[in-house]
Amino acid sequence: KAGVTQTPRYLIKTRGQQVTLSCSPISGHRSVSWYQQTPGQGLQFLFEYFSETQRNKGNFPGRFSGRQFSNSRSEMNVSTLELGDSALYLCASSSQSVNTEAFFGQGTRLTVV
Amino acid sequence: QQQVKQSPQSLIVQKGGISIINCAYENTAFDYFPWYQQFPGKGPALLIAIRPDVSEKKEGRFTISFNKSAKQFSLHIMDSQPGDSATYFCAASLEGYSTLTFGKGTMLLVSP
């Protein structure tokens, strides 16, 4: 079974630009969550989607948004990039929406210059 | 507000020794406690998880000990190997949710 696939692996963007990251969950998984990982703040929850509906949202500004498609693939978008948005963005998929094993992708390393 | 506190930040253990990482939580509504292992350049991988109705769970060389009254749980790695050198994260999620709240991580180095 293929794991969680995140694309692209690396991105360099300029302040003020926007970026879209993609996540393909494990086949059959309907829950996709996004996390931001930085050295200072660690792993922080961004949002979770289940069956195309946002189920939960973390404490991030509205510049961070996401969506999930009918095939469970998910995208997250960050608009008006700031230097502080430089981070590893991780996607995790689960077979159900509640308290089950979450499998992470390798992440997208975003650098804002 | 940090809801899951993890210690130590870093740990050096000799090969064959026992690595112990501790976590404490504040919210008594947490009901799922996984541990993740992360190697450089990789995403976190689930190691082992426990629920509050169990005080201990063992999988191979990895054991979680859970103390509900103290709101603490810990990861023990027996017979630590250099290949165990990685960053370990504890996490917790609320009943009815899949959102994980992570500790800050422990960088483990197992010396040969």
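Now for a look at the structure at hand.

Let's shift gears to the overall build of chain B. Looking only at helices and strands, chain B has zero helices and 11 strands in total. For chain B, the N- to C-terminal ordering of α and β elements is β-β-β-β-β-β-β-β-β-β-β. By the compact-globule yardstick of 13 Å for 112 residues, chain B fits well, its C-alpha radius of gyration being 13 Å. Based on the C-alpha atoms only, the size of chain B along its principal axes is roughly 40 × 30 × 20 Å. Taken over 112 residues, chain B has a buried fraction of 45%. A separation threshold of at least 6 residues defines the contact pool for chain B, and within that pool the share at least 24 residues apart is 53%. For chain B, the accessible surface area stands at approximately 5,500 Å², while carbon and sulfur atoms represent 51% of it. Of the side chains in chain B, 10 bear a positive and 8 a negative charge, and the two mean positions are spaced by 5 Å.

Once that is clear, we can look at the sheet that holds strand S1 (residues 5–7) of chain A. Residues and elements named next belong to chain A. Pairing within the open sheet is antiparallel, and its four strands lie in the order S1-S3-S8-S7. Both outer strands of the open sheet, S1 and strand S7 (64–68), are each paired with one neighbouring strand and no more. For this sheet the average axis-to-axis angle between neighbouring strands, irrespective of direction, equals 15°. With three bridges connecting them, S1 and strand S3 (residues 19–24) associate as antiparallel partners. From the neighbouring strand, Thr5 faces S3, where its bridge partner is Ser24.

On to the interface of chain A and chain B, then. Facing the 23 residues of chain A at the interface are 21 residues of chain B. Across the chain A to chain B interface the summed buried area is about 1,700 Å²; carbon plus sulfur atoms make up 47%. At the junction of chain A and chain B, the tally comes to zero salt bridges. One can count eight residue pairs in polar contact (both at pLDDT 80 or more) joining chain A with chain B. Breaking the side of chain A that touches chain B down by element, the ones donating at least two residues are strand S4 (31–38), strand S5 (42–50) and strand S9 (87–94) of chain A.

Residues and elements named next belong to chain B. Counting buried positions along strand S9 (residues 86–94) gives eight out of nine residues, so the element sits mostly inside the fold. As judged from the six bridges shared by strand S4 (residues 30–38) and S9, these two strands associate in the antiparallel manner. Among the inter-strand pairings, Gln38 is bridged to a residue of S9, identified as Thr87. As judged from the three bridges shared by S9 and strand S11 (residues 106–111), these two strands associate in the antiparallel manner. Looking at S11, one finds that Ala86 is bridged to Leu108. Sheet topology note: the S9/strand S10 (residues 101–102) ladder contains two bridges and is antiparallel. Within S10, the residue paired with Ala91 across the bridge is Phe102. Taking the residues between adjacent antiparallel strands as the criterion, S9 and S10 are bridged by six residues, where Gly96 takes a positive phi near 90°.

On to unusual backbone geometry. Cis geometry marks the peptide bond from A:Thr7 to A:Pro8, where omega comes out at -10°. Within the element layout of this structure, A:Pro8 appears in the loop between S1 and strand S2 (10–13). A positive phi angle, near 55°, is found at B:Lys71, a position not held by glycine. Looking at the secondary structure, you find B:Lys71 in the loop between strand S7 (62–67) and strand S8 (72–77).

What the rule picks out here adds up to two disulfides over all chains. Covalent S-S linkage joins A:Cys23 and A:Cys91, the inter-sulfur distance amounting to 1.8 Å. Disulfide A:Cys23 to A:Cys91: torsion about the S-S bond roughly -55°, handedness left-handed. One end of the pair, A:Cys23, is in strand S3; the other, A:Cys91, is in strand S9, and 68 residues separate them in sequence. With a sulfur-sulfur separation of 1.9 Å, B:Cys23 is cross-linked through a disulfide to B:Cys90. With the S-S bond torsion at -95°, the cross-link from B:Cys23 to B:Cys90 turns out left-handed.

What counts, and at which threshold
Residues numbered from 1 in each chain as written. Chains lettered and ligands numbered in written order. Predicted model: local features only at pLDDT ≥ 70, side-chain atom pairs only at ≥ 80, totals over all residues. Heavy atoms only, no water. Helix = DSSP H or I, 4+ residues; strand = E, 2+ residues; numbered from the N terminus. Rg over C-alpha atoms; globule rule 2.2 N^0.38 Å. Buried < 20%, exposed > 50% of the residue type's maximum accessible area, 1.4 Å probe, protein only. Contact = heavy atoms within 4.5 Å. Areas by Shrake-Rupley, 256 points an atom, 1.4 Å probe, with all protein chains shown as cover. Lys, Arg positive; Asp, Glu negative; His and termini not counted. Charge placed at Lys NZ, Arg CZ, Asp CG, Glu CD. Pairing = 2+ DSSP bridges. Axes fitted to C-alpha atoms, helices over the stretch in contact; angles between N-to-C directions. Buried area = accessible area lost by both parts, 1.4 Å probe. Salt bridge = Lys/Arg side-chain N within 4 Å of Asp/Glu carboxyl O. Polar contact = N/O pair within 3.5 Å; in protein donor to acceptor, adjacent residues only side chain to side chain. Disulfide = S-S within 2.5 Å.

On their own, these measurements won't tell you what the molecule is for.
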